[in-house]
Amino acid sequence: MGRAHEVRAASMAKTAAMKSSKYAKWGKEIFQAAKAGVPDPEMNQSLKRTIERAKKDQCPADVIKRAIAKAQGVASGASKEKIYEGYGSGNVAVIVECLTDNDNRTFTEVRTAFNKTGGTLGTSVSYMFNRKAQFVFDGMSEDEAMEALMMAELDFEDMSTDEDGYVTIYAAPADFEGIKNALLAAKPELEFEECSVDLIPSTYVDLDEDHEAKFKRLLALLREYDDVSEIYHNANITEEDEE
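The text that follows walks through the structure, step by step, so that each part is easy to find. Worth saying up front: this structure is predicted, and the values here are computed from it rather than measured. (Residues numbered from 1 in each chain as written. Predicted model: local features only at pLDDT ≥ 70, side-chain atom pairs only at ≥ 80, totals over all residues. Heavy atoms only, no water.)

### Quick word on the overall build of the protein chain
Right, so step 1: Broken down by element type, the protein chain carries eight helices and eight strands.
Right, so step 2: Relative to its full complement of 243 residues, the protein chain shows a buried share of 41%.
Right, so step 3: Here the analysis covers contacts within the protein chain between residues at least 6 apart in sequence; of these, 69% occur between residues at least 24 apart.
Right, so step 4: Carbon together with sulfur atoms contributes 49% to the accessible area of the protein chain, which is approximately 13,500 Å² in total. (Helix = DSSP H or I, 4+ residues; strand = E, 2+ residues; numbered from the N terminus. Buried < 20%, exposed > 50% of the residue type's maximum accessible area, 1.4 Å probe, protein only. Contact = heavy atoms within 4.5 Å. Areas by Shrake-Rupley, 256 points an atom, 1.4 Å probe, with all protein chains shown as cover.)

### Some thoughts on the side chain of glutamate 97
Right, so step 1: As for its position among the elements, glutamate 97 is in strand β2 (residues 92-100).
Right, so step 2: With near-sequence residues (within four places) excluded, glutamate 97 lies in contact with Lys82, Ile83, Arg131, Leu199, Asp227, Val228, Ser229, Glu230 and Tyr232.

### A short note on the pairing of strand β1 (residues 80-88)
Right, so step 1: Bridge count for β1 against β2 is nine bridges, and the pairing is antiparallel. Note that in β2 the partner of glutamate 85 across the bridge is isoleucine 95.
Right, so step 2: Hairpin connection between β1 and β2: a loop of three residues separates the two successive antiparallel strands, and glycine 90 in this loop has a positive phi of roughly 85°.
Right, so step 3: When β1 meets strand β3 (residues 120-121), the two strands line up antiparallel, connected through two bridges. The partner of tyrosine 87 across the bridge, within β3, is threonine 120. (Pairing = 2+ DSSP bridges.)

### A look at the pairing of strand β5 (residues 158-161)
Right, so step 1: Taken together, the four bridges between β5 and strand β6 (residues 167-171) define a ladder with antiparallel strand orientation. Paired with threonine 161 across the two strands is valine 167, which belongs to β6.
Right, so step 2: Between the antiparallel neighbours β5 and β6 lie five residues, among them glycine 165 with a positive phi of about 90°.

### Brief notes about empty space enclosed by the protein
Right, so step 1: Per the stated rule, a full pass over the model turns up one cavity of 30 Å³ or more.
Right, so step 2: If you add up the space inside the largest cavity, you get close to 40 Å³.
Right, so step 3: In terms of lining, the largest cavity is formed by Trp26, Arg53, Lys56, Asp57 and Glu191.
Right, so step 4: Taken together, the residues of the lining of the largest cavity sort by class into one nonpolar, no polar and four charged. (1 Å grid on protein atoms, 1.4 Å probe; cavity = no way out; pocket = protein on both sides within 12 Å on 5 of 7 lines; lining within 4 Å. Points joined across faces, edges and corners; volume = space filled by probe spheres on them. Nonpolar A, V, L, I, M, F, W, Y, C, P; charged D, E, K, R; others polar.)

### Examining the sheet that holds strand β7 (residues 192-201)
Right, so step 1: Read across the sheet, four strands follow the order β5-β6-β4-β7 without closing on themselves; strand pairing throughout is antiparallel. Each of the sheet's edge strands pairs with one partner strand only, and the pair in question is β5 and β7. Direction aside, neighbouring strands of the sheet carry axes that sit 20° apart on average.
Right, so step 2: Strand contacts of helix α5 (residues 142-151): β4 (129-137), β5 and β6, with the helix running at about 155° to β5, the strand carrying the most contacts. (Axes fitted to C-alpha atoms, helices over the stretch in contact; angles between N-to-C directions.)

### With respect to the pattern of salt bridges
Right, so step 1: Taken as a whole and assessed by the stated rule, the structure comprises 14 salt bridges.
Right, so step 2: With a closest N to O distance of 3.1 Å, aspartate 103 and lysine 80 form a salt bridge. Here the residue aspartate 103 occupies a position in helix α4 (residues 103-116), and lysine 80 occupies one in strand β1, the gap between them amounting to 23 residues.
Right, so step 3: Its relative accessible area of 26% is what places aspartate 103 among the partly exposed residues.
Right, so step 4: As a salt-bridge pair, aspartate 103 and lysine 82 come within 4.0 Å of each other at their nearest N and O atoms. With aspartate 103 in helix α4 and lysine 82 in strand β1, this pair connects stretches of sequence that are 21 residues apart.
Right, so step 5: Overlapping salt bridges bring together Lys80, Lys82 and Asp103 as one network. (Salt bridge = Lys/Arg side-chain N within 4 Å of Asp/Glu carboxyl O.)

Geometry only, nothing functional implied.
Structural data, given as structure tokens:
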């Protein structure tokens, strides 16, 4: 079909991957907002605002529904949270958070993904991570963000601005809702690149080409499983590199 077809196909694949990553972020935010309160947007204002922002970003309705359904499953006891730890290729620390109604199925799927890609499951690595509230955004300067948090009498652990103008804030998980609401109160149209409570690694691991390829394969396999809700790792690769 020619080089032009290959270029178009590659471009479409990259666009699809970017959309998938974006929708996954919205699903994560919606799930966390629903889990933190009542999984009903009419009774949970934080969830309602998150859904409104997701829709504005053209997030599909089924992504929103699935995220809320997951949170409802946890609240009702229909699903349980399971956490698996281990090492991926290149000695990368990996934590896999799952929501499941079948422990055996989920464990088998996660173990298979690690085994197929040169990893090992069952070794504790959680000591290499700290759970923190994380906010990444542009459209508001660091000084403006700091003023908004000071006015709301909220503390944070760290705030910085990268070369592209994105502000990153790390804070205690308990301050997640307060900081999010304070920033949105100061600038309602503010859109977050990242807005969640995550496990942040204390150190990162650099990978050579072979280990990086195997580790990306691990990520791809884990993301195919419906039970996997979040993957944390300390590989020194960007989200774009992961696709």
